[in-house]
Amino acid sequence: HGHLKRKSYRITHVAGMLKSEEFEDEPRRLFQKNSKLVKNGLILNPHSNMPPGRLVLTTYAIETIFGKKRSQTATVGELLSQSEILHEITPQQTLDDLVLPASLMETLSTAVSRYETGAEDLLRKWGIVSPHGDTSYGSSLTMIFSGVTGTGKTYTAGAMANALGRPIITTDISKLLSHWVGDSEQNVVKMFDEYATLVERLPNPPVLLLNECNQFFMRRMVEAERSVDRMYNQMQDIFLERLEIFEGILIATTNLVGSIDEAFSRRFHYKLDFPFPDARAREALWKSHLKPPIPLDEDVDFQSLAEEYPFNGGQISLIVRNAAVQAAIRGDRIFFNDLRKACEEEQRGTFDSMSMKRKLVGFTSRE
């Protein structure tokens, strides 16, 4: 107990020195984001959302203080075993599985090639990237994918991670939001801190995926009177600052690109808009979703399905699953009629829901 108290005192004493007016400029620089303490993985990058004088020690520093050897075989799963916010997923899709316009594929290929070639060293030599990764470009890669639901944003993020040979860690946005004052902001800080630990501990850190993060990147309220508006403004301030010093790979998706705050837009290196697939793309999507070992009857007309039903990739995937269920129940293969029937059901459900007017129970709506 006394040993722990002595270690705790040393850490607390350093934090107290930071708040002291007698703490001179030169020692203070030891704790800034460009310092050796940060570069050598002893403390996490400080940011203004930290309380004054607060230091966040990395896992490596804590293990060193207590005399433990640093694990060289730690995995993402082990490092996130105690996390209540982040979880790991392992994507199976590849860039070859994507059905996207050539311009998007070229941009994705460029982003991947930056990590596979010597481009990073040349960028530092040319002064585009800081030698210490302390600029907005740094050694990071931040991308935002926009487009309506079902156009392949999340699927593409998985393909990107797979091409880079990295897993994905993500969070349910609902886990960040809390009805308790201050908890949501703390959860956002914790998410970024946990990811920073992964970057510090792993030689090939994972991709951080933030799915459907519309509420975090929307235009900020100039005069936030409601407490919920103030909370969102504070969370957005945290996001903006952490994106400014972010190291690693982050992919965010949104279906409301028109509402993104300009300050967020500037902090993403690549901003890709995923269009609704045209007939040619839809035909390619049908073929990609109905590949072997799925048993398919010879009468299936991919071109007819693509031209007759204006569905996106998410809808086509759902239709194929529904048709496959019917084939599995019969114990044979998928027929053209199975797909057409599933298409009709999806079309009725989609357009009926769009045309229905939502009624509020207990209130009278005004036209």
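In this report, the structure presented in the accompanying data block is examined.

### Regarding a nonpolar patch on the surface
A grouping of L122, W126 and I128 is seen on the molecular surface, where their side chains present a nonpolar patch of about 340 Å² in accessible area. Accessibility expressed as a relative area gives 57% for W126, which makes it exposed.

### Notes on the pattern of salt bridges
Under the criterion given, the structure shown has eight salt bridges. In this structure, the salt-bridge partner of D332 is R330, at a minimum N-O distance of 3.1 Å. Judged by its relative accessible area of 32%, D332 is partly exposed. Note on R330: relative accessible area 40%, which makes it partly exposed. With its nearest N and O atoms 2.6 Å apart, the salt bridge here joins D338 to R330. Residue D338 is classed as buried on the basis of its relative accessible area, which comes to 12%. One salt-bridge network, held together by shared partners, links R330, D332 and D338.

### Some remarks on the sheet that holds strand β6 (residues 270-273)
Pairing within the open sheet is mixed, and its six strands lie in the order β1-β3-β4-β5-β2-β6. One side of each edge strand has no neighbouring strand; the edge strands of this open sheet are β1 (87-89) and β6. On average, adjacent strands in this sheet sit at an angle of 25° to one another, irrespective of strand direction. Here β1 runs beside strand β3 (residues 168-170); their pairing, made up of three bridges, is antiparallel. Paired with H87 across the strands is T170, a residue of β3. In the packing of helix α6 (residues 102-116) onto the sheet, the strands contacted are β2 (141-146), β5 (249-254) and β6, and the crossing angle to β6 comes to about 150°.

Procedures and definitions
- Residues numbered from 1 in each chain as written.
- Predicted model: local features only at pLDDT ≥ 70, side-chain atom pairs only at ≥ 80, totals over all residues.
- Heavy atoms only, no water.
- Patch = residues over 30% accessible without salt bridge, like charges linked within 9 Å, V, L, I, M, F, W, Y side chains within 5 Å.
- Areas by Shrake-Rupley, 256 points an atom, 1.4 Å probe, with all protein chains shown as cover.
- Salt bridge = Lys/Arg side-chain N within 4 Å of Asp/Glu carboxyl O.
- Buried < 20%, exposed > 50% of the residue type's maximum accessible area, 1.4 Å probe, protein only.
- Pairing = 2+ DSSP bridges.
- Helix = DSSP H or I, 4+ residues; strand = E, 2+ residues; numbered from the N terminus.
- Axes fitted to C-alpha atoms, helices over the stretch in contact; angles between N-to-C directions.
- Contact = heavy atoms within 4.5 Å.

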